[in-house]
Amino acid sequence: HYFDTWWLKRLIDVLAVLQFNLIHFRLTDDQAFALQLESHPNLTWPARRDGKTNKVYSRRDIHYLIAYARDRNITIIPEINVPGHAGAWMGIPGLVVPCREHACYTGYALPLNISHPNIREILTDVIREVIDIFENPPYLHLGGDEMELAKRCFDE
């Protein structure tokens, strides 16, 4: 789910009062790629398809949230979900395994197509840009724990 930056700012304030020091910020899932990237702008296609709502975070939004959180001794750790729960990567043609029956049955757990000719380059671009946007975070969570959910897709 997308949360407006004003809502995230309020969350940061509450977490600071509770003396939390970390936010795990999941930016991608099957439903949306919520971070606008210069290297691959089409990744946000599902989140922006109606042309009216902008339910993605810009570089400027993230820098604002990082600074706001840092002032309250909170670190934001980004997560880019790969190779499972990757349905939102469909903005790049052929990057998601086309398993229609699985998608209709579950509605989630679509895996990246590891045979895509540019997958290494795309993942490198995305990871580098996320690290840059998040100002070299101490960690970058890449998911990786949902591949069993995609078994039905691979079987298909």
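Described in the following lines is the structure provided in the data block. (Residues numbered from 1 in each chain as written. Predicted model: local features only at pLDDT ≥ 70, side-chain atom pairs only at ≥ 80, totals over all residues. Heavy atoms only, no water.)

**A few points about the sheet that holds strand β2 (residues 75–82)**
At step 1: Pairing in this open sheet of three strands is parallel, and the strands run β1-β2-β3 from one edge to the other. Either end of the sheet is taken by a strand with one partner, and the two such strands are β1 (22–26) and β3 (141–143). Between one strand axis and the next, the sheet turns by 30° as a mean value, whatever way the strands run.
At step 2: Alignment of β1 against β2, held across five bridges, turns out to be parallel. Each bridged residue has a counterpart across the sheet, and for H24 the counterpart in β2 is I77. (Pairing = 2+ DSSP bridges. Helix = DSSP H or I, 4+ residues; strand = E, 2+ residues; numbered from the N terminus. Axes fitted to C-alpha atoms, helices over the stretch in contact; angles between N-to-C directions.)

**Focus: a nonpolar patch on the surface**
At step 1: Together, F3, W6 and W7 give the surface a local cluster of nonpolar side chains, amounting to about 310 Å² of exposed area.
At step 2: Take W6: it is sitting in helix α1 (residues 5–17). (Patch = residues over 30% accessible without salt bridge, like charges linked within 9 Å, V, L, I, M, F, W, Y side chains within 5 Å. Areas by Shrake-Rupley, 256 points an atom, 1.4 Å probe, with all protein chains shown as cover. Salt bridge = Lys/Arg side-chain N within 4 Å of Asp/Glu carboxyl O.)

**What to know about helix α3 (residues 59–70)**
At step 1: The first and last C-alpha atoms of α3 sit 16 Å apart over twelve residues, in line with the 16 Å expected at 1.5 Å per residue.
At step 2: Looking at α3, one finds that the buried residues are I62, L65, I66, Y68 and A69. End-on view of α3: buried residues confined to an arc of 165°, all on one side of the axis.
At step 3: Of the surrounding elements, those touching the buried residues of α3 are α1, β1, β2 and α5 (119–133). (Expected span 1.5 Å × (residues − 1). Buried < 20%, exposed > 50% of the residue type's maximum accessible area, 1.4 Å probe, protein only. Arc of directions from axis to C-beta. Contact = heavy atoms within 4.5 Å.)

**Concerning the pattern of salt bridges**
Opposite charge on two side chains makes pairing possible when the charged atoms of those side chains draw close.
At step 1: Within the structure shown, the criterion is met by seven salt bridges.
At step 2: For the salt bridge of E38 with R59, the shortest nitrogen-to-oxygen distance reads 3.9 Å. Placement of the pair is E38 in the loop between β1 and α2 (45–48) and R59 in helix α3, with a sequence separation of 21 residues.
At step 3: For E38, a relative accessible area of 65% translates into the label exposed.
At step 4: Of the residues examined, R59 reaches a relative accessible area of 24% and is grouped as partly exposed.
At step 5: A salt bridge links D132 to R59; its shortest N-O distance comes to 2.8 Å. One end of the pair, D132, is in helix α5; the other, R59, is in helix α3, and 73 residues separate them in sequence.
At step 6: Accessibility expressed as a relative area gives 46% for D132, which makes it partly exposed.
At step 7: Three or more residues are tied together by salt bridges with common partners; here these are E38, R59, E129 and D132.

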